[in-house]
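Structure assessment
What follows is the residue order along each chain.
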Amino acid sequence: MGEHHHGPAKGLKRWIFATNHKDIGTMYLWFSFAMFLLGGAFAMIIRAELFQPGLQLVEPGFFNQMTTMHGLIMVFGAIMPSFVGLANWMIPMMIGAPDMALPRMNNLSFWILPPTFLLLASTLFMEGGAPAFGWTFYAPLSTTYAPPSVTFFIFAVHLLGLSSIMGSINIVATVWNLRAPGMTWMKMPLFVWTWFITAYLLIAVMPVLAGAVTMMLMDIHFGTSFFSAAGGGDPVLFQHVFWFFGHPEVYIIILPAFGVVSQIIPTFARKPLFGYDSMVYATASIAFLSFIVWAHHMYTVGMPIAGELFFMYATLLIAVPTGVKVFNWITTMWRGAMTFETPMLFCIGFVVLFTLGGFTGVMLSMAPSDFQYHDSYFVVAHFHYVMVAGAVFSMTGAVYYWLPKWCGRMYSEPMGKIHFWISFVGFNLAFFPQHFVGLAGMPRRIPDYASQFADFNMLSSVGAFIYGGSQILFLYNVISTIVAGKPVSDDKVWEGAEGLEWTVATPAPFHTFAVPPRVK
Amino acid sequence: MCFKAKRLHRLALGPVLSLLGLTSRLAWSDDTKVNQINMPVSVTEVGASIYNLHMTIFWICVVIGVLVFGVMFYSIFAHRKSRGVTPSNFHESTTVEIAWTVVPFLILLVMAVPATTTLINVYDTTDADMDILITGYQWKWKYEYLDEAGENLTFFSNLSTSQEEIYNREAKGEHYLLEVDEPVVVPVNSKVRLLITANDVIHSWWVPELAVKRDAIPGFINETWFRAEREGIYRGQCAELCGRDHGFMPIVVNVVSQQKYTDWLSDKQAEAAEIKALMAQTFTLDDLVKRGKDVYARDCQLCHGANGEGGIGKAIAGSSIATGPVATHLDVGIYGVSGTSMQSFGKQLNDVDMAAVITYQRNAFGNNMGDMVQPLDVFNHKQGQ
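**Section: the sheet that holds strand S6 (residues 203-207) of chain B**
Residues and elements named next belong to chain B. Strand order in the open sheet formed by 5 strands is S4-S10-S9-S6-S7, and the pairing between neighbours is mixed. Whereas interior strands pair on both sides, the edge strands pair on one side only; in this sheet they are strand S4 (184-187) and strand S7 (212-216). Going from strand to strand, the sheet's axes swing by 25 degrees on average, the running direction of each strand aside. Where strand S9 (residues 232-238) lies against strand S10 (residues 250-256), 6 bridges are found, and the strand directions are antiparallel. Paired with Ile-233 across the bridge in S10 is Asn-254.

**A look at the domain arrangement of chain B**
Frequently, the measure chosen for interface size is the accessible area that the parts lose on association. Residue and element names in this part refer to chain B. With domains assigned, chain B is organised as domain 1 (37-79 + 93-124), domain 2 (130-276) and domain 3 (279-382). Placing a centre on the C-alpha atoms of domain 2 and another on those of domain 3 gives a separation of 26 Å. Contact residues are listed per partner, giving 12 residues for domain 2 and 14 residues for domain 3. Of the roughly 1000 Å² buried at the junction of domain 2 and domain 3 (both faces included), carbon and sulfur atoms supply 50%. Between Asp-299 and Lys-140 there is a salt bridge, and its shortest N-O distance comes to 3.8 Å. Taken together, the links from domain 2 to domain 3 amount to 4 residue pairs in polar contact (both at pLDDT 80 or more).

**Observations regarding the packing of aromatic side chains**
In this structure the tally under the stated criterion is 76 aromatic pairs over all chains. Seen in terms of ring centroids, Phe155(B) and Trp264(B) are 6.1 Å apart; in terms of plane orientation they differ by 80 degrees. Their pairing is edge-to-face. Taken together, the residues Phe155(B) in strand S3 (residues 153-157) and Trp264(B) in helix H5 (residues 258-279) connect sequence positions 109 residues apart. You'll find Phe155(B) and Trp264(B) in the same group, each marked buried. A cation over an aromatic ring shows up here: Arg179(A) above the ring of Trp185(A), its NZ or CZ 3.9 Å from the ring centre.

**Digging into the packing of helix H8 (residues 235-269) of chain A against helix H11 (residues 342-365) of chain A**
Residue and element names in this part refer to chain A. Where H8 meets H11, the axes come as close as 9 Å, and the angle between the chain directions of the two elements is 125 degrees. Between H8 and H11, the angle falls in the class oblique. Between H8 and H11 lies a crossing whose hand is left-handed. On H11, the residues touching Ile-254, Ala-257, Phe-258, Val-261, Ile-264, Ile-265, Phe-268 and Ala-269 of H8 are Pro-343, Met-344, Cys-347, Phe-350, Val-351 and Phe-354. Residue composition of the contact of H8 with H11, grouped by class: 14 nonpolar, no polar and no charged.

**Focus: the sheet that holds strand S8 (residues 222-226) of chain B**
Residues and elements named next belong to chain B. Spatial ordering of the open sheet is given by S3-S2-S1-S5-S8, a layout of 5 strands whose pairing is mixed. Sheet topology places S3 and S8 at the edges, where each strand pairs with a single neighbour. Strand-to-strand twist in this sheet, taken as the mean axis angle between neighbours without regard to direction, amounts to 25 degrees. Bridge count for strand S2 (residues 140-145) against S3 is 5 bridges, and the pairing is antiparallel. Bridge assignment links Trp-141 to a residue of S3, and that residue is Ser-157. Sheet contacts for H5: strand S1 (130-137), S2 and S3; angle to S3, the most-contacted strand, approximately 90 degrees.

**A few points about the environment of Leu289(A)**
Residue and element names in this part refer to chain A. Tracing the sequence through the fold places Leu-289 in helix H9 (residues 276-289). Residues Leu-289 and Ile-318, spaced 29 residues apart in sequence, show a C-alpha to C-alpha distance of 6.6 Å. Excluding residues within four positions of it along the chain, Leu-289 makes contact with Ala-314, Leu-317, Ile-318 and Pro-321.

**What about the nonpolar core?**
By size, the foremost hydrophobic cluster in this structure holds 261 residues, and its most contacted members are Phe76(A), Tyr145(B) and Trp205(B). Dropping the residues within four chain positions of it, Phe76(A) is found in contact with Pro81(A), Phe117(A), Trp135(A), Leu160(A), Met206(A), Leu209(A), Phe245(A) and Glu249(A). The next biggest cluster of nonpolar side chains, apart from the first, holds 22 residues, and it includes Phe283(B), Leu349(B), Met354(B) and Val357(B).

Conventions used here
Residues numbered from 1 in each chain as written. Chains lettered and ligands numbered in written order. Predicted model: local features only at pLDDT ≥ 70, side-chain atom pairs only at ≥ 80, totals over all residues. Heavy atoms only, no water. Pairing = 2+ DSSP bridges. Helix = DSSP H or I, 4+ residues; strand = E, 2+ residues; numbered from the N terminus. Axes fitted to C-alpha atoms, helices over the stretch in contact; angles between N-to-C directions. Domains from an automatic or database assignment. Contact = heavy atoms within 4.5 Å. Buried area = accessible area lost by both parts, 1.4 Å probe. Salt bridge = Lys/Arg side-chain N within 4 Å of Asp/Glu carboxyl O. Polar contact = N/O pair within 3.5 Å; in protein donor to acceptor, adjacent residues only side chain to side chain. Phe/Tyr/Trp six-rings, centres within 6.5 Å; stacked < 30°, edge-to-face > 60°. Buried < 20%, exposed > 50% of the residue type's maximum accessible area, 1.4 Å probe, protein only. Lys NZ or Arg CZ within 6 Å of the ring centre and 35° of its normal. Parallel < 35°, antiparallel > 145°, perpendicular 65-115°, else oblique. Left-handed = near helix turned anticlockwise from the far one by under 90°. Nonpolar A, V, L, I, M, F, W, Y, C, P; charged D, E, K, R; others polar. Core = buried A, V, L, I, M, F, W, Y, C linked by side-chain atoms within 4.5 Å.

So this is what it looks like as structure tokens:
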């Protein structure tokens, strides 16, 4: 049978009717970057208002819309789709598959996203304004006391859930069915493993989120009282349901990041990943534990002491497999022959800053001390260390790492390094002082603050502007690479790179592995 | 400019001073809170154990961090290709994996012990000397001193920082955003049990120096307690996002000697009795307008504007409500308008203040209605509904 490679369709049709995993991956990546800039713009407004005490730029109501939209867009629009894009591009190439298992569903799960975020962003222009109840949308602030736009928000969350579930089913089906001969479970690259586990987490918890917002919809429009004590319901029920989704959600975000780091560090250490098996088991343990720790977000709601103790002990346990991962990465570096190209810098940045976020995570897990940390800027600092320096740093590293394979051109290494150092300094300047103001008593989600927090907030704003500005450099570097980067012809690109994705031509052709490779 | 120079000066010195503060608790005096970088040392016993727990975990993390990052940075320094090293190929060791699973587990076990004992202490609300029922409102706190004889003392506590300061038209005071018109007053060394709930959305009552943070949940009552061991004024804020003015509902707790507390309590009771007496009186239009002007400034102005021009709320100047029938005006004031930000003020204002503010609204901002509402009218209106 003659091999009959056909290229992509021409023009807009190529993207609208895309079924090719690489095209869909590319669209996911660009879309998520656009959302990253939008969510980032909201963050800049927040930090500009917090630059000095007093109200200067925005009204408190609009400030709350900004914090809410920043959170929602970053979590659901930027970070999650970026990793789905990466999964689309890399999973088939890593397991020797010709494409994703369900290409048309893949198209649908992407194309749900742009209209959904258009809908969500349009709430900013509605009467009563956008949702202003925080990305965690606690009832009854998000039900009885919500602006009318909450109904659009609920619909948007339903659509996002739909998209995520379809994306996950696709990944699960691909990994189960399309592995090349010889690609046994314990030979799969860690990025594939972490995404495989993440996909199951998504399938398990997105329906729970859908349930939570459906109950809200019923309370708002159909006279039920799930979350209203006056009608026999309980506002705290909302928090239990939300965090039953919300805690696995944070691992949904971070596990693929673990996978990326586990691919990149061995490449630049020129040494195989240390403790592959234990990495897989640790990932699975983290995923399991993520289901039994949700109420550590709710220590102050007044749970019975037995509940507090259970959730505290279970949460402490997470430190064990997470620690194993960090130790494995560092041991992978040990006695390697390291070089420090941009992807490696972002991964080392990840290991250091994510570990700091892990330390504050252990502190937060202690229920009695959490009574002081809870809902303060200490928490804001903590989750930005794991979300930004964790997920976003690893994603940025991933783009630099695989970009030459994707487009056949090399990015500018000096510009990449400058991007890293500006990001690193800006990020720490923005978020490290937030530990201080949080411990000293500054609550989160406030548009104005007492004078004693002024200096650290100013520093924090300066850092945020630096970090935000550095993304423009990133955008420029990526575009100039695609347009005019130095061509790369080596299949391997990186000296120490291992894995099937480095066996295909550079740039990766439209169709890869039409004939499955044989993995030894 | 002078302000800026001072700020920059503090900016440079702050972190350095703060680092000293972190290692030595004594270096940080009570009144210097600017650029504080650590949790305040609490004035309660529970707070002290929370602080110790916090510092213990902190130092454990520091030690682990130094070890782990030490190894990593040594490796980054020594095992780099530019030094001409050849990479090893080792990639597994079950012994090592077991070791770094078991050791952290043991460390966590050690940490769980003080955490558990502290938590048990926090939950022990028995044998309280007094009870205060705290209710969160959008965006103020209500305090109710529960009394066995049923003579509860009730008052609202509002932010007392002016809009002028918030909108930068006036210099900010020393306790900007952390000051209220009516602080909570409690005696030193007494076990105060707090019963915390909310009227509308979820709020959270947080005073860092008392080491108390507990959510105020509408329809449910949470319990917690503190026993302040040192007199002083302790300030906090609402910690749970509760809508537009979440950042503007501070908490001030005034811990005083037993004697001062008793005096304060009898003053407050006398005040309450006075209001009670006033409720039966008939006022002149001028008296009502005068009193109503103050009430308006405290409770209405934020939404309805200093000249009744409206803003977040509707305009009062020339409004059909303020120039229409008195009964409708009373309805809006007492019961609010559901589905809007107009709250019900029936329980927040006493009948005298309600009568005064309604009268004021009907006779100010060009609404020259010339009629008035007496406290008894408010009382009767409430009964009638």
